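Tertiary structure, described
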Amino acid sequence: MIRLFANANYDFIKWTRWAYTLTGAIMLVGLAFLVTRGLNYSIEFTGGTLVQVETKTTVPIGQIREALDNVGLHGAEIQTFGSDTSYVIRARTSASADTTGADTVAVTAGVTRAFDASAGAGAYRIERTEVVRPKVGRELQGKAFLAIIFSFFVTLIYLAARFEWRFGLAAVLATAHDVLATIAFISVMHLEVSLVVVGAVLTVVGYSLNDTIIIFDRVRENLHKYRRQNLYEILNLSINETLPRSVLTHGTTIATTLALLLLAGEVIRPFAWVMSFGIFTGTFSSIYIAAPILLLIEKRWPGEDARGARALGARAPTPAPSGPSTPKSVPPPPVPRVPVR
Amino acid sequence: MSTIRGRLILIGILVLGSALSLLPRNETQRIPDAVTGRMKDTTVRRVPINLGLDLQGGIHLALEVDESKGPVPDCADAIQRAERVVRTRIDQFGTTEPVVQIQGRCRLIVELAGEKDPARAKSIIARTAFLEFRITDMQNQFQAALPQIDAVLRRAGVKSRAAAPSAVSQLFGKDTSKAARDSATEANTPGALSSLLFQGQLPGEFLVPEEQWEVADSLLLRPDVRQAIPRGIDLKWGAQIESRGAKSYKPLYAVESHSIITGEELQKATARRDQLTNQSIVEFVLTRRGARIFGEETARHIQHYMAIILDGRVQGQPPIIKSQINARGMIELGTKPLQEASDLALVLRAGALPAPLQIVEERAIGASLGADSIKDGIRAGVVGVVLVIVIMVGYYRLSGVLAVAALTLYCLFTIAGLSAFGFTLTLPGLAGFVLSIGIAVDANVLIFERIREELVHGKSLRLAIEDGFKHAMNAIVDSNVSTALTAFILYLVGTGPVQGFAITLIIGIAASMVSAIFVVKTFFLIWLQRRPAMTTLSV
């Protein structure tokens, strides 16, 4: 039988600093993009009109733009959508146009006239139109934000009930990291933020939590099993023990996500991009963010068996047979004795 | 072993139930008639899965009360009135199953699958509602003219469809009109129109078998028939279907052409239940001008029936006018539930205070785009499944085959779940389903890895399997519940396609728990039973 990482014994936690540096760098790049370019919200969020047109033959984008300018639609975005003969025209509504309904109808009519001029009447077909009022878009933005915050809250409660609040907090912080990293990714890739992409971000939340919980479940179990080891060792042990599972499950998930990315068409592509990145960041954060943060929380607010207090301190006298390699001896920082509860 | 048999029976029931809910079945669909262009019901055989608008093409509209021309005090009531109005127009849409529903408090959602022309759909929805009261055909003028109409149709070569040799047939023991009987004996063939009509309970009311109302309607729309209908009489269909015994009928009303009053003159309408008589009652208040006209008209029409017509459809059964009514009137619905009275009051208000609506969201998706999406989604799904199978069988060998078998059941359960609960499959839902195939094996991976660990620790095969399942359970439950929680939040927040995604995810999680834990364990148990001497496991 094939066994991947059967008796793996890597010191994952050792790399915490490197991991923090890496993820910090990604965030910084993402933040830079976010500040300079902002997020590319779909018209669902901003309000506006989208028209997707399928032409019989390729029409140069410049020609379409000229035709759109001629009918008075300035500043509309034109993109090819999956193929050379499929175009998406987006006209975002300006805030001042909130109350008048005529503009959206005008856009659709204008696009029709523009394509009559550039592609020729009858040589194209309007495949999809979407018109959203800015008011609805603003509502949706609030709701999407609320959904993510609310999901954190619910998870925190569930994990606090099933594990302990320390685990819950660590898992939620790691997941919050994933959301930030994913937003950075979306910003860098300039993906369009539609409702479906928000759905993908929430799926990443679920997936990453799932992964963190699998490791934490093992931590919980090992804490009972190996009474003499410190948390540092137990975390490493648990990550190593769950490594084969991680490789397999991430493997199958990546396989299906790649299939979606490459084959499922243009509408699903942003979703698939976000998911692909989410699998990586979810895996990364379960190991390098959730576990170290748990260590940190344990250290600062030690739990009942106070193993966090000696998390980085002296090793337990008798290491388990499959114990991890010796951690760097860092002098234990002063532990504030804050009463818990 | 009885436990294995019990498990197998349960799996068998699940598979059978899933298969049954996916069998193609007869469903009524409304499609435009090729000849007349009007909508008619047809029965098609299809797999009962609802496809979202993004997959089958169609129009999605979200409407709100337009407050740009002044504030509307009660938007919830305005939207309810609008919903009632749009519902009465539902058969004008060129679509199979229109969805009209109120979202939240003040938003109306209209979904028209298969509709191609957004402009037409919008004009039907946004048209102002028109309410009028008209007196029914008290002199039975229409009934008297029936033989003549039948004769016109006979001359035009229209054959009667009904086999019954009667003219206006007796349904409730009412007297059959003499003229009609004469014409029937005279021509000795049933009249093309009159054979479709059954006498109703009040003057001017007829009942048409539901399956034949389109035929009757198309006859009534013929120019030669319209000529033969007596002057001063109009024919209006009822809005509701009535059932008598096992059969359903659509009421047809012959009413006077002139309306005694219109919605403009109506100020207020409320429903309540009378404390003394325990009757459901609709009270209405008219404007001063309306009160004067209505007073005169009702004085002339005492003991006559008054049809309440919204957008050309008669609402409910016309009530009888008992006395002269001026500014305040009341419609007694007897022992009918209060709900019916509320509905009638809503109809009256809908006609009285047309709610100005504006479209806040509109999506129109071409059918070919939807078909492409389905094709691409299925292609991605197939490739994804093949990859997962390769990974699972390559790594876990025979156990992997069991997991793949369970995965097949997973797919079956998920699709059957969508179908059985009547959820809609959307494009993001399809993507979610493909993605979930990759995630669904996670439970099996956890279990198999656990079994391997137990085997490494030197446990016997049977014990290793038993403990492997037991120890993996915590992780599986916790991780799946937290994923389901986020999916549920997504469902609460999302709209349309995204809700479809969340639903697919939730059903998928449930199905994967059943297939990965219960089904695979059963497979293992059978395996152990067949090979009691087995000491190694292909895992």
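These numbers were taken from a predicted model, which means no experiment stands behind them. (Residues numbered from 1 in each chain as written. Chains lettered and ligands numbered in written order. Predicted model: local features only at pLDDT ≥ 70, side-chain atom pairs only at ≥ 80, totals over all residues.)

Details of the interface of chain A and chain B
The test is simple: The contact criterion used here is simple: two residues whose C-beta atoms, placed from the backbone, lie within 7 Å are in contact. Counting from the N terminus, the helices are DSSP H or I runs at least four residues long and the strands are E runs at least two residues long. Under the scheme applied here, ten amino acids are nonpolar (Ala, Val, Leu, Ile, Met, Phe, Trp, Tyr, Cys and Pro), four are charged (Asp, Glu, Lys and Arg), and all others, including Gly, are polar.
Listed by partner, the interface residues are 54 residues for chain A and 57 residues for chain B. The biggest single contributor to the side of chain A that touches chain B is helix α9 (residues 243–263) of chain A, with 13 residues. Considering only residue class, the side of chain A that touches chain B consists of 29 nonpolar, 15 polar and 10 charged.

Considerations on the nonpolar core
The line we're drawing: By convention in this section, buried Ala, Val, Leu, Ile, Met, Phe, Trp, Tyr and Cys residues joined through C-beta atoms within 7 Å make up a nonpolar core. Neighbour density around each residue's C-beta defines its exposure: 20 or more other C-beta atoms within 10 Å make it buried, 12 or fewer make it exposed, and counts between make it partly exposed, where C-beta atoms are placed from the backbone.
Residues A:Ala171, A:Val197, A:Val201, A:Leu235, A:Leu260 and A:Val274 are the most contacted members of the largest nonpolar core, which totals 134 residues. Ranked by residues supplied to this core, first place goes to helix α11 (residues 367–420) of chain B with 18 residues. Those residues in contact with A:Val197 that lie beyond four places of it in its chain are A:Ile186, A:Leu191, A:Glu192, A:Pro270, A:Phe271 and A:Val274. Counting residues in hydrophobic clusters, the runner-up holds 79 residues, among them B:Ile59, B:Val85, B:Leu348 and B:Leu369.

Looking at unusual backbone geometry
We note that A:His190 has phi near 55°; this positive angle belongs to a residue other than glycine. As for its position among the elements, A:His190 is in the loop between α6 (165–189) and β6 (192–193). Accessibility expressed as a C-beta count within 10 Å gives 11 for A:His190, which makes it exposed. One non-glycine residue, B:Gln303, lies in positive phi territory at about 70°. Looking at the element boundaries, B:Gln303 is found in the loop between α9 (288–300) and β16 (306–310). C-beta crowding within 10 Å serves as the criterion here: with 9 such atoms nearby, B:Gln303 is assigned to the exposed category.

A closer look at the domain arrangement of chain A
Stated formally: In this entry, domain limits derive from an automatic or database-based domain assignment.
Assigned domains within chain A: domain 1 (13–38 + 137–310) and domain 2 (48–132). Computed over C-alpha atoms, the centres of domain 1 of chain A and domain 2 of chain A are 40 Å apart.

Quick word on the sheet that holds strand β4 (residues 83–92) of chain A
What holds strands together in a sheet is hydrogen bonding between their backbones, with the strands either parallel or antiparallel. The test is simple: Note on pairing: two strands pair once DSSP finds at least 2 bridges between them. Lines fitted to the C-alpha atoms define the axes, with helices restricted to the stretch that makes contact. Angles between their N-to-C directions range from 0 to 180 degrees.
As summarised here, the arrangement of the eight strands in space is β3(A)-β4(A)-β2(A)-β5(A)-β19(B)-β4(B)-β6(B)-β5(B), forming an open sheet in which the pairing is antiparallel. The sheet is open, and its two edges are formed by β3 (77–81) of chain A together with β5 (99–103) of chain B, each paired on a single side. Here the strands of the sheet are splayed against their neighbours by 20° on average, with no regard to which way each runs. Note that strand β5 (residues 124–132) of chain A and strand β19 (residues 357–365) of chain B share five bridges and pair antiparallel. Across the sheet, the residue bridging to A:Val132 is B:Glu361, located in β19(B). Relative to the sheet, helix α5 (residues 134–162) of chain A contacts β5 of chain A together with β4 (58–65) and β19 of chain B, its axis offset from that of β19(B) by approximately 75°. Along the sheet face, helix α3 (residues 75–88) of chain B touches β4, β5, β6 (107–113) and β19 of chain B and points at about 175° away from the line of β5(B).

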